[in-house]
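As a plain string of letters, each chain reads:
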Amino acid sequence: MKVIKNIGIYTCVAVLVIWSLFPFFQMVSASLAGARLPDELGLPDTLTVDNFKKVLFQESPPILFFLGNSIIFALLASVASLVISLPAAYSFSRSNSRGLGVLFYVFLIFRMIPWITLSLPIFFLMSKLGLIGGKGLSLVYTFLFTSFGVWLMKGFFDMIAPELEESALVDGASRFQAFIKIILPLSVPGMVVTGAFVFLFSYIEYMYALILSTQNSVTISVRLAGYATEGRYFYREMTASALISVIPMILLFSYLQKHLTRGLSWGAFK
Amino acid sequence: MEKRFYVIMCLPAILLVFVFMGYLLCHCFYLSFRAYSPLEGIDRFIGFGNYTRILKDKVFVEAILRNIVYALLVVGANLLLGMGMAILINKGFKGEKIVRMILIMPMVCMPTVAGAVWVMVYNQEFGVVNHFLSLLGLERQMFLGLSKYAFYAVILTDIWGWTPFMFLILLTGLQSLPREPFEAARIDGASSWRTFWCITLPLLKPVTAIAIIVKLIDTFRTFDYIWVMTSGGPGNSSQIISTVTYRIAFQHFRYGLGSAMSIIALLFGLLLFILFVKVRGK
């Protein structure tokens, strides 16, 4: 009976693994293709790393330029939104005021506004302020994800017992000192997870990157979409670039896997 | 004294989000009541003109209906598949950590990348899907080129891409359930199906509800997959709210109309939020 159960489990696992990975397999085989694109399932006739070389060194601008843009904007957004949302999340967590309670709910509503609604006004506002391009995009991402940061970090702060600060306050510390010296060090896992999610969302974002792009600030997501033009799909370059672009995210998430599940449970269950 | 401290701490976030958001919303609202097309030099107040025009426009109305279908199909599949994955991983087996990482990978892959790769996957000549069709003796199809298939092809891609999100949330939920009810059920001799249906599911309801609502709202925002794979085509067969709005606003430069469409999309979001509050209240 146990054997049948095990076979059942491993079969399901195999199916799910194949389902999750097969597009990646196609990506890898197309990126290694030479003159002829791979024939369906198999690897291509001629294996070559030329596509990677082309995309990394020969194209102008090279892929690392776009990658760099994406990473910089995502990093700016995740740091900025963390800095802004941490104090607010702490206040929502510790304060007993009903007014702030209502405000927190309103933050949740903002998280739910469809982005397309804001796209035109943002485009107009950014043009008027002269903030098209990288600066504008980072600002927009910060703005879009701060409500997410507030929501998630409040959950983390709620997990930390208030008694810890109380004892510090009794000893004469100010609220602010208690926050900085006690709460923040304890919530490093939560901060890391929140920052990682904001980084992910900013990195993969496409619509605003497209709307606000200038020549110098094209992100990797826009660049990749550009390989799939109306007339032709440049499969080799596209898949080579795509594989390179996935690397930072894989590194980030495999490093964070330990934190991730714990983090989600703290945030989602309040 | 303390209250002042809290308020000050909140200020940057509140300023950034509320003020920014408030201004943007007002601007959007304002535009939606005007005909504004700078390229043609049009700029005048037309009251509800945009709204009536949109609600009478076949393409937009179809896009709304299609968006609803999109949302239901995607979230439904996310739920089923994600729950399956979560239960499987929760059972525990050798190598589960690696499998968990593998299952997350589609989410980590950019929608633009995933969309482009799935274009390859659906390709008539060398895509995987058609390869299997030909093995089964069926005719190869141009999935993204035919109006009857394109929309559903993108739905499948979306399911592939975002099920890991639902999976992670459900898995976390499963792993934080208390042991006692399950012990009691086991002692009483309940079958695993019964246990799942009568104990697991009801206990998971709060989290599942949140995940569903969040995901539903996300599908009304969705843009990337469809735009990269079909741009709303062929014809208008895969247009959804965000693609129609994008096309009108950023390709035809009719900003008044585009803003009105956005406001309608917002109303959907609000509707879903009210649902969210009601469900959470339970």
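All of these numbers come straight from a predicted model, not from anything done at the bench. (Residues numbered from 1 in each chain as written. Chains lettered and ligands numbered in written order. Predicted model: local features only at pLDDT ≥ 70, side-chain atom pairs only at ≥ 80, totals over all residues. Heavy atoms only, no water.)

Caption draft 1: Fine view of the overall build of chain B. Along the backbone of chain B there are 12 helices and 2 strands. Of the regular secondary structure in chain B, the N- to C-terminal order runs α-β-β-α-α-α-α-α-α-α-α-α-α-α. Each of the three principal axes of chain B carries a C-alpha extent, and together these read 75 × 75 × 30 Å. In chain B, the proportion of contacts linking residues at least 24 apart, taken out of those at least 6 apart, comes to 67%. About 12,900 Å² of surface is accessible on chain B, with carbon and sulfur atoms providing 67% of the total. (Helix = DSSP H or I, 4+ residues; strand = E, 2+ residues; numbered from the N terminus. Contact = heavy atoms within 4.5 Å. Areas by Shrake-Rupley, 256 points an atom, 1.4 Å probe, with all protein chains shown as cover.)

Caption draft 2: Here's a closer look at the nonpolar core. Leu118(A), Ile122(A), Phe143(A), Tyr203(A) and Tyr208(A) are the most contacted members of the largest nonpolar core, which has 186 residues in total. Considering every element that reaches this core, the biggest residue donor is helix α7 (residues 147-175) of chain B, with 15 residues. Leave out the neighbours within four places in its chain, and Tyr208(A) touches Trp115(A), Leu118(A), Ser119(A), Ile122(A), Leu137(A), Val140(A), Tyr141(A) and Leu144(A). (Core = buried A, V, L, I, M, F, W, Y, C linked by side-chain atoms within 4.5 Å. Buried < 20%, exposed > 50% of the residue type's maximum accessible area, 1.4 Å probe, protein only.)

Caption draft 3: Layout of the interface of chain A and chain B. With 91 residues of chain A at the contact, the number on the chain B side is 91 residues. Contact between chain A and chain B buries roughly 8,900 Å² in total, counting both sides, with carbon and sulfur atoms accounting for 81%. At the junction of chain A with chain B, the criterion picks out 0 salt bridges. Put simply, chain A and chain B have 3 residue pairs in polar contact (both at pLDDT 80 or more) between them. Considering only residue class, the side of chain A that touches chain B consists of 68 nonpolar, 16 polar and 7 charged. (Buried area = accessible area lost by both parts, 1.4 Å probe. Salt bridge = Lys/Arg side-chain N within 4 Å of Asp/Glu carboxyl O. Polar contact = N/O pair within 3.5 Å; in protein donor to acceptor, adjacent residues only side chain to side chain. Nonpolar A, V, L, I, M, F, W, Y, C, P; charged D, E, K, R; others polar.)

Caption draft 4: Representation of the side chain of Thr163(B). Residue and element names in this part refer to chain B. Assignment of secondary structure puts Thr163 in helix α7. Owing to a relative accessible area of 0%, Thr163 belongs among the buried residues under this scheme. Those residues in contact with Thr163, other than ones at most four positions away along the chain, are Asn78, Leu81, Gly82 and Met85.

Caption draft 5: Representation of helix α5 (residues 115-129) of chain A within the structure. All names here are of chain A. Taking 1.5 Å per residue as the helical rise, α5 with its 15 residues ought to reach 21 Å, and the 20 Å between its terminal C-alpha atoms agrees with that figure. The sharpest bend along α5 reaches about 30° and sits at Pro121. Here α5 has its buried residues at Trp115, Ile116, Thr117, Leu118, Ser119, Leu120, Pro121, Ile122, Phe124, Leu125 and Met126. A positive backbone phi angle near 70° is found at Gly130, which sits one or two residues after α5. (Expected span 1.5 Å × (residues − 1). Bend = angle between axes of the 7 residues up to and from the residue.)

Caption draft 6: Expanded view of a nonpolar patch on the surface. Taken together, the side chains of Val7(B), Leu11(B), Leu15(B) and Val19(B) present a nonpolar region at the surface, about 330 Å² in accessible area. Note on placement: Val7(B) falls in helix α1 (residues 2-32). (Patch = residues over 30% accessible without salt bridge, like charges linked within 9 Å, V, L, I, M, F, W, Y side chains within 5 Å.)

Caption draft 7: The arrangement of the packing of helix α1 (residues 2-31) of chain A against helix α3 (residues 58-91) of chain B in detail. In the contact formed by α1(A) and α3(B), the axes pass within 11 Å of each other and the chain directions differ by 130°. By the angle between their axes, α1(A) is oblique relative to α3(B). In terms of crossing hand, the pair formed by α1(A) and α3(B) is left-handed. Along its contact with α1(A), which presents Lys5(A), Ile9(A), Cys12(A), Val13(A), Leu16(A) and Trp19(A), the element α3(B) presents Leu81(B), Met85(B), Leu88(B) and Lys91(B). (Axes fitted to C-alpha atoms, helices over the stretch in contact; angles between N-to-C directions. Parallel < 35°, antiparallel > 145°, perpendicular 65-115°, else oblique. Left-handed = near helix turned anticlockwise from the far one by under 90°.)

Caption draft 8: A look at the pattern of salt bridges. All names here are of chain B. Counting across every chain of the model gives 4 salt bridges over all chains. A salt bridge links Arg34 to Asp43, with the shortest nitrogen-to-oxygen separation between them at 3.1 Å. Here Arg186 makes a salt bridge to Glu183, at a shortest N to O gap of 3.3 Å. You can see Arg186 and its partner Glu183 sitting in helix α8 (residues 180-187), 3 residues apart, about one turn around the helix.

Caption draft 9: The arrangement of helix α5 (residues 111-121) of chain B in detail. Across the 11 residues that make up α5(B), a large majority, 11, are buried. Where α5(B) is concerned, the buried positions are Pro111(B), Thr112(B), Val113(B), Ala114(B), Gly115(B), Ala116(B), Val117(B), Trp118(B), Val119(B), Met120(B) and Val121(B).

Caption draft 10: Structural detail: the confidence of the model for chain A. All names here are of chain A. Of all residues in chain A, 88% attain a pLDDT of 70 or more, and the chain-wide mean is 80. Confidence scores differ between elements of chain A, with helix α12 (residues 235-268) showing the lowest mean pLDDT of 71 and helix α3 (residues 63-94) the highest of 90. In the predicted structure, residues 262-270 sits below a pLDDT of 50 and forms 21 contacts with residues beyond four places in sequence or in another chain. (pLDDT = per-residue confidence, 0-100.)

Caption draft 11: Representation of the environment of Ala63(B) in the model. Residues and elements named next belong to chain B. Along the chain, Ala63 turns up in helix α3. Taking the C-alpha atoms as reference, Ala63 lies 22 Å from Tyr36; in sequence the two are 27 residues apart. Excluding anything up to four places from it in sequence, Ala63 contacts Gln239, Ile240, Ile241 and Val244.

Caption draft 12: Spotlight on the confidence of the model for chain B. Within chain B, residue pLDDT values average 82, and 98% of them lie at 70 or more. Reported confidences for the modelled complex are a pTM of 0.79 and an ipTM of 0.81.

Caption draft 13: Focus on unusual backbone geometry. Residue and element names in this part refer to chain B. Of note in the backbone geometry, Phe253 takes a positive phi value of approximately 60° without being a glycine. Here Phe253 shows up in the loop between α11 (241-251) and α12 (255-281). Phe253 gets classed as partly exposed once you look at its relative accessible area, which sits at 28%.

Caption draft 14: Structural context of the packing of α7(B) against helix α9 (residues 192-221) of chain B. Residue and element names in this part refer to chain B. Taken N-terminus to C-terminus, the directions of α7 and α9 make an angle of 140°; their axes are 10 Å apart at the nearest point. At the point where α7 passes α9, the crossing takes the right-handed sense. Contacts between α7 and α9 involve Asp158, Trp162, Phe165, Met166, Ile169, Leu170, Gly173 and Leu174 from the first element and Thr200, Leu204, Val207, Thr208, Ala211, Ile212, Val214 and Lys215 from the second. Grouping the amino acids of the contact of α7 with α9 by side-chain chemistry returns 11 nonpolar, 3 polar and 2 charged.

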